[in-house]
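Spelled out, the chains give:
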Amino acid sequence: MEPMDFNDQSTSLPLLTLGSNDVEFDYSPYIPGDDLDYIGDVGSSGSVSVMNEVASTSVSPPTSAIARSSSALKPRLERRGHTKSRRGCYNCKRRRIKCQETRPACGHCVKTGLKCEYPLVPQITHQPQHQIPLFSLQDMRFFQHFLLACSPHQPLGNDSIWTHEVPCLSQNHEYLMHAILGLAASDLMVQDPSLVTFAMAHRLKAIKAIKKTLTDVPKTNTFEEGNALLATCYALTFQSVMLDDGMAEFMTFCRGIIIVAIQMYCKGAKFIFSNFLNNEGMGQLQPLLESTPPIQKDWTDMAVANIAALEPLCKQPVEIEYFQLMTNIANALYSSSFLAYEMLCKHYGWWMQIPHESFQSLIDGGNQVSLLLASHWIALKQIMATITDVEHKQRPQQMGRKDGDMDIGMLRWLKHINRQIDGEHQQYNQWPLWVEGQLDIDLGYFGKELH
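Residues numbered from 1 in each chain as written. Predicted model: local features only at pLDDT ≥ 70, side-chain atom pairs only at ≥ 80, totals over all residues. Heavy atoms only, no water.

So, about the overall build of the protein chain. Looking only at helices and strands, one finds 18 helices and 0 strands in the protein chain. Taken across its 451 residues, the protein chain has 51% of its residues classed as buried. Long-range pairs, those at least 24 residues apart, make up 74% of the contacts in the protein chain with a sequence separation of at least 6. If you sum the accessible surface of the protein chain, you get close to 22100 Å²; carbon and sulfur atoms cover 54% of it. (Helix = DSSP H or I, 4+ residues; strand = E, 2+ residues; numbered from the N terminus. Buried < 20%, exposed > 50% of the residue type's maximum accessible area, 1.4 Å probe, protein only. Contact = heavy atoms within 4.5 Å. Areas by Shrake-Rupley, 256 points an atom, 1.4 Å probe, with all protein chains shown as cover.)

See below:
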């Protein structure tokens, strides 16, 4: 198996472009310890809480190892096993003596000439460990909708994998089935908001089920398990786009994808997804992106000016880096759609590999600077609609597909974050509010096409 370049910025996946060619990628933030708690309890009313940062590790202090070593030297007290018969015949039970439990008659009954009768043993049917509960009619509707209309478009060029291989994997992995059903229910919520209960119930079940499995990833060495985990993280990531407050969860599950992918790679496991960690997908997009004209200059001017106004607010290193990467994306819009797309990919890769503490500050809802950076990033992505839409042109046409709804979900993020900006910082958030206003009037204002 050829080594994969995790540092290559031209990888085909915007969601999986890591690091810089100048910096060696550090695996350590993504390799979990034995006692990781990946996912927290239920959080906000709009969705389940974000996974406890998936990239952290914990190291036991040396004293704990010493304590374990000393306790191991103490003699263990052996517990006496009981001798009472659990399935003895009625006669032995009545006489309170141990039954030999021989069939058809025990020794005591043969010796005394009594009729030996045993209690009926209840029949216990053991279900397979990963058996998925039977579908309800509503679940069958969700499953069909996933196959026909809302399977993820990432990694690029894997539509048949999502509609053939992944559904087969879901039959043996409960977390993947719930993730699929939750994504489909969220997609259908655009027409039927009452489905929110089903969407969130399946999402919560998927997260609870994946928690233990992710913790056991180092002990898991199967091709099927790794790919099921990978597909689950993708499905949860895409469902996050459909949640008003889902940006932090989106970012966190993207990092979860990296955890699983790196561990699979280190074990030499085969990915069911093609174009996953190579340049083929970007190679397919490059001619289309290079032929895509730059966006309107006045939109770019507004983006550059308003992002530049954030510079005095950025004090922490992670804020400064975030600001600089956004500036690079905005400036690239003047000259090349392809370059702007590459810069966008680099930005995804940056926050997918930053340390745990830095990532936590980015998703801190109480940090006004982080909220401003997030609102400007979403607004920037919205005005780049004609560029990011190129990804969808690689997909085969499928009945009832509504990929446009996914990016409408990012507009929900913008609305949610704009409402979190306090009065003191409103002056810095006028451009994201303007972008929101234009999209409220016309979702296609910046060139977005509904697929």
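So, about the packing of aromatic side chains. What the rule picks out here adds up to 16 aromatic pairs. Ring geometry for Y348 versus W351: centroids 5.7 Å apart, planes at 50 degrees, classification tilted. In this pair, Y348 and W351 are both assigned in helix α13 (residues 337-353), 3 residues apart and thus about one turn of the helix distant. As far as the burial class goes, Y348 and W351 line up, both buried. An aromatic cluster of three or more residues is present, and its members are F250, Y348, W351, W377 and W413. Above the plane of the ring of Y118 lies R103, whose end atom (NZ or CZ) is 3.7 Å from the centre. Over the ring of F359 we find R255, and its NZ or CZ is 4.1 Å from the ring centre. (Phe/Tyr/Trp six-rings, centres within 6.5 Å; stacked < 30°, edge-to-face > 60°. Lys NZ or Arg CZ within 6 Å of the ring centre and 35° of its normal.)

Turning our eyes to something else, we now look at the environment of G88. Mapped onto the secondary structure, G88 falls in the loop between α1 (62-73) and α2 (90-95). Once the C-alpha coordinates of G88 and Y118 are considered, the two residues, 30 residues apart in sequence, prove to be 6.6 Å apart. Filtering out sequence-adjacent residues up to four positions away, G88 remains in contact with K93, C99, E101, Y118 and P119.

Okay, helix α18 (residues 430-441) next. Residues lying three or four places apart along an α-helix face the same way, a consequence of the helix completing one turn every 3.6 residues. Spanning 12 residues, α18 covers 17 Å between terminal C-alpha atoms, matching the ideal 16 Å at 1.5 Å per step. Those residues of α18 that sit buried are W431, P432, V435, E436, Q438 and L439. Along the axis of α18, the buried residues cluster in a sector spanning 165 degrees; they form a single face. (Expected span 1.5 Å × (residues − 1). Arc of directions from axis to C-beta.)

Following the criterion strictly, the structure yields 5 salt bridges and no others. In this structure, the salt-bridge partner of K415 is D440, at a minimum N-O distance of 2.5 Å. Placement of K415 in helix α17 (residues 404-418) and of D440 in helix α18 is noted, with a sequence separation of 25 residues between them. Taking relative accessible area as the criterion, K415 reaches 22% and is therefore assigned partly exposed. (Salt bridge = Lys/Arg side-chain N within 4 Å of Asp/Glu carboxyl O.)

One can describe the packing of helix α11 (residues 297-308) onto helix α15 (residues 368-383) by two numbers: an axis separation of 11 Å at closest approach and a directional angle of 170 degrees. Regarding the angle of α11 to α15, the classification is roughly antiparallel. On α15, the residues touching W299, A303, N306 and I307 of α11 are H376, L380 and I383. Here the contact of α11 with α15 is built from residues that sort into 5 nonpolar, 2 polar and no charged. (Axes fitted to C-alpha atoms, helices over the stretch in contact; angles between N-to-C directions. Parallel < 35°, antiparallel > 145°, perpendicular 65-115°, else oblique. Nonpolar A, V, L, I, M, F, W, Y, C, P; charged D, E, K, R; others polar.)

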